[in-house]
Amino acid sequence: MSTTPTAPATWYTDPVQYDQERWRIFGREWCAVGDTEQVGEHGHYIARVVAGFPLVIVNDQGTLRGFHNVCRHRAGPLVDDGGGQCRSFVCRYHGWAYQLDGHLLSARDFGEDVRAENFSLLPVRVDTWRGIVFVSLSNDTAPLAEWLGGLVAHSADFDTSGLVVTHRSEHRIAANWKVYAENYQEGYHIPLVHPGLNKQIVSSRYEVEIEGAVTVHRAPTRDGSVTNGAWLWRFPGLALNFYDRGMSLESYWPEGPTTTLVSYTFFFDASVSPEECEAAVTSSTAVLDEDRIICESVQRNLAAGVYERGILSPRYEAGVALVQSEVRRALGLSN
Ligand code: FES
Ligand SMILES: [Fe+2]
């Protein structure tokens, strides 16, 4: 096994490449934008901006529908970002109203000039898996179950049907999304960046197994106890951890060339005490904070202009190479 060169530093700062990634990666892949509890009843919606695409997902009589949160009149917002409940979408700008299935109900004071069928909201695909709501902006992307690939088989032993959401949070990192994605893909940094985690697991034996666009992470615990869980990731921004009585979802996407939004959702069984839930959230957030600090320093250094490219360890950084090869493939890059 020999080393491979990393991607060049320009990948992490170039606004032109960022725009290509918006359309060719985040505009194509499935993206986890929330959980089904947020849209459990008619009229309940989730509104989020994913890689610069404002989206709304709504429960319309039990069916989940997704749209660009962009009015067909002059691009006003239908709902504010976040979530809530509504009976129809009434644009915040001039009040055009749409049914929850996207059909235009009324174009205020336009009269006969507007043919409603020409001004339906622009739809996006929506699907769910294990209580997670996914969207895809592309009709060419494989169905969700197929897209999830090895994630489905690797989590098959975990029953998540009785879990409820106990915690949701958002975190911003001042780094390109690939800095964060690549950091997620290796355990090589654990002894330096995560001293607490390093006391629990044998980081020298941290393994990242690659199956297509999915990676399976494993590390033995120092006390020799058997960890009954599965740590799974799928390109570009989905990370799922399964435990005996819970599941955590981490979904991330860019907000710009040098900002990444990380969204956490924890699901637990009713038998897990609030203190145990809190402890799981606290330790995950501590690890995230440690990763944020190092990723932001790396971003600063990539932007400084002195570093061109480095090398990847075949032993520890195959997952990083996967992120870079997926980006190359999506963008048709050769560097
Ligand atoms: S932009 Fe929506 S009503 Fe004008
Ligand atoms: Fe880390």
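Right above here is the structure, for reference.
Attention in this report is confined to the structure presented alongside it. (Residues numbered from 1 in each chain as written. Chains lettered and ligands numbered in written order. Predicted model: local features only at pLDDT ≥ 70, side-chain atom pairs only at ≥ 80, totals over all residues. Heavy atoms only, no water.)

**Concerning the coordination of the iron ion (ligand 2)**
In step 1: Distances from the iron ion (ligand 2) to its protein donors, His 189 (NE2), His 194 (NE2), Asp 291 (OD) and Asp 291 (OD), fall at 2.1 to 2.6 Å.
In step 2: One can describe the site at the iron ion (ligand 2) as irregular: its 4 donor atoms subtend angles covering 54 to 152° at the metal.
In step 3: Sequence positions of the residues that donate to the iron ion (ligand 2) give the spacing H-x4-H-x96-D.
In step 4: The exposure class of His 189 is buried, given its relative accessible area of 13%. (Donors = N, O, S within 2.8 Å, 3.2 Å for Na, K, Ca; no water. Tetrahedral: all angles 85-135°; square planar, octahedral: opposite > 155°, others 65-115°. Buried < 20%, exposed > 50% of the residue type's maximum accessible area, 1.4 Å probe, protein only.)

**Quick notes on empty space enclosed by the protein**
In step 1: Counted according to the given criterion, the structure contains 1 cavity of 30 Å³ or more.
In step 2: Its boundaries defined by the atoms lining it, the largest cavity holds a volume of some 40 Å³.
In step 3: If you trace the largest cavity, you find it lined by Trp 30, Cys 31, Ala 32, Trp 147, Arg 234, Phe 235, Pro 236, Gly 237, Leu 238 and Tyr 252.
In step 4: Split into classes, the residues belonging to the lining of the largest cavity amount to 8 nonpolar, 1 polar and 1 charged. (1 Å grid on protein atoms, 1.4 Å probe; cavity = no way out; pocket = protein on both sides within 12 Å on 5 of 7 lines; lining within 4 Å. Points joined across faces, edges and corners; volume = space filled by probe spheres on them. Nonpolar A, V, L, I, M, F, W, Y, C, P; charged D, E, K, R; others polar.)

**Some details on the pattern of salt bridges**
In step 1: Under the criterion given, the structure shown has 13 salt bridges.
In step 2: For Arg 92, the salt bridge identified is with Asp 80, shortest N-O distance 3.2 Å. Separated by 12 residues along the polypeptide, Arg 92 in the loop between strand S7 (89-90) and strand S8 (97-98) and Asp 80 in the loop between strand S5 (63-68) and strand S6 (82-85) bring together distant segments of the chain.
In step 3: As a salt-bridge pair, Glu 117 and Arg 115 come within 2.9 Å of each other at their nearest N and O atoms.
In step 4: You can call Arg 115 exposed: its relative accessible area is 51%. (Salt bridge = Lys/Arg side-chain N within 4 Å of Asp/Glu carboxyl O. Helix = DSSP H or I, 4+ residues; strand = E, 2+ residues; numbered from the N terminus.)

**Here's the deal with the packing of helix H1 (residues 15-26) against helix H8 (residues 318-331)**
In step 1: Relative to each other, H1 and H8 sit at 85°, their axes nearing to 10 Å. In terms of orientation, H1 and H8 fall into the roughly perpendicular class. Between H1, through Gln 17, Gln 20, Glu 21, Arg 24 and Ile 25, and H8, the contact on the second element is made entirely by Val 327, Ala 330 and Leu 331.
In step 2: Counted by class, the contact of H1 with H8 contains 4 nonpolar, 2 polar and 2 charged residues. (Axes fitted to C-alpha atoms, helices over the stretch in contact; angles between N-to-C directions. Parallel < 35°, antiparallel > 145°, perpendicular 65-115°, else oblique. Contact = heavy atoms within 4.5 Å.)

**Here we look at the sheet that holds strand S9 (residues 104-106)**
In step 1: Across the sheet, 3 strands lie side by side as S7-S8-S9; this open sheet has antiparallel pairing. Two strands in the sheet have a free side with no partner beyond their single neighbour: S7 and S9.
In step 2: With 2 bridges connecting them, S7 and S8 associate as antiparallel partners. By the bridge assignment for S8, Val 90 is matched with Ala 97. (Pairing = 2+ DSSP bridges.)

**Let's talk about the layout of surface pockets**
In step 1: Considering only enclosed or pocket space, the largest pocket measures out at about 1,400 Å³ in volume.
In step 2: Every residue lining the largest pocket is counted, 47 residues in all, and those nearest its centre are Leu 197, Trp 231, Asn 241, Tyr 243 and Ser 284.
In step 3: Secondary-structure elements contributing two or more residues to the lining of the largest pocket are helix H4 (177-184), helix H6 (195-200), strand S14 (214-218), strand S15 (230-234), strand S16 (238-243), strand S17 (246-256), strand S18 (259-268) and helix H7 (274-303).
In step 4: Element by element, the count of residues in the lining of the largest pocket is highest for H7, at 11 residues.
In step 5: Considering only residue class, the lining of the largest pocket consists of 23 nonpolar, 16 polar and 8 charged.

**Quick notes on the pairing of strand S11 (residues 132-136)**
In step 1: Counting buried positions over the 5 residues of S11 gives 5, a clear majority of the element.
In step 2: Side-chain alternation along S11 places Ile 132, Phe 134 and Ser 136 on one buried face and Val 133 and Val 135 on a second face that is also buried.
In step 3: When strand S2 (residues 31-35) meets S11, the two strands line up antiparallel, connected through 4 bridges. By the bridge assignment for S11, Cys 31 is matched with Val 135.

**Re unusual backbone geometry**
In step 1: In the segment running from Phe 235 into Pro 236, the intervening peptide bond is cis, with an omega of 0°.
In step 2: Position of Pro 236 among the secondary structure elements: in the loop between S15 and S16.
In step 3: Positive phi is not limited to glycine here, since Arg 130 has a value of about 55°.
In step 4: Position of Arg 130 relative to the elements: it lies in the loop between strand S10 (123-129) and S11.
In step 5: In this structure Arg 130 comes out as partly exposed when scored by relative accessible area, which is 23%.

**Looking at the packing of aromatic side chains**
In step 1: Throughout the structure, instances matching the rule amount to 14 aromatic pairs.
In step 2: With a centroid separation of 4.9 Å and 85° between ring planes, the pair formed by Phe 26 and Trp 177 is classed as edge-to-face. Separated by 151 residues along the polypeptide, Phe 26 in helix H1 and Trp 177 in helix H4 bring together distant segments of the chain. An identical accessibility class is assigned to Phe 26 and Trp 177; each is buried.
In step 3: Each ring, one from Phe 134 and one from Trp 147, has its centre 6.5 Å from the other, and the planes form 65°; the classification is edge-to-face. (Phe/Tyr/Trp six-rings, centres within 6.5 Å; stacked < 30°, edge-to-face > 60°.)

**Side note on the nonpolar core**
In step 1: Grouped together as the largest cluster of nonpolar side chains are 46 residues, with contacts concentrated most on Trp 177 and Phe 235.
In step 2: The two domains that each donate at least three residues to this core are domain 1 (1-28 + 152-330) and domain 2 (31-140).
In step 3: Counting 22 residues, the second largest nonpolar core, distinct from the first, contains Leu 144, Phe 158, Phe 242 and Phe 267. (Core = buried A, V, L, I, M, F, W, Y, C linked by side-chain atoms within 4.5 Å. Domains from an automatic or database assignment.)

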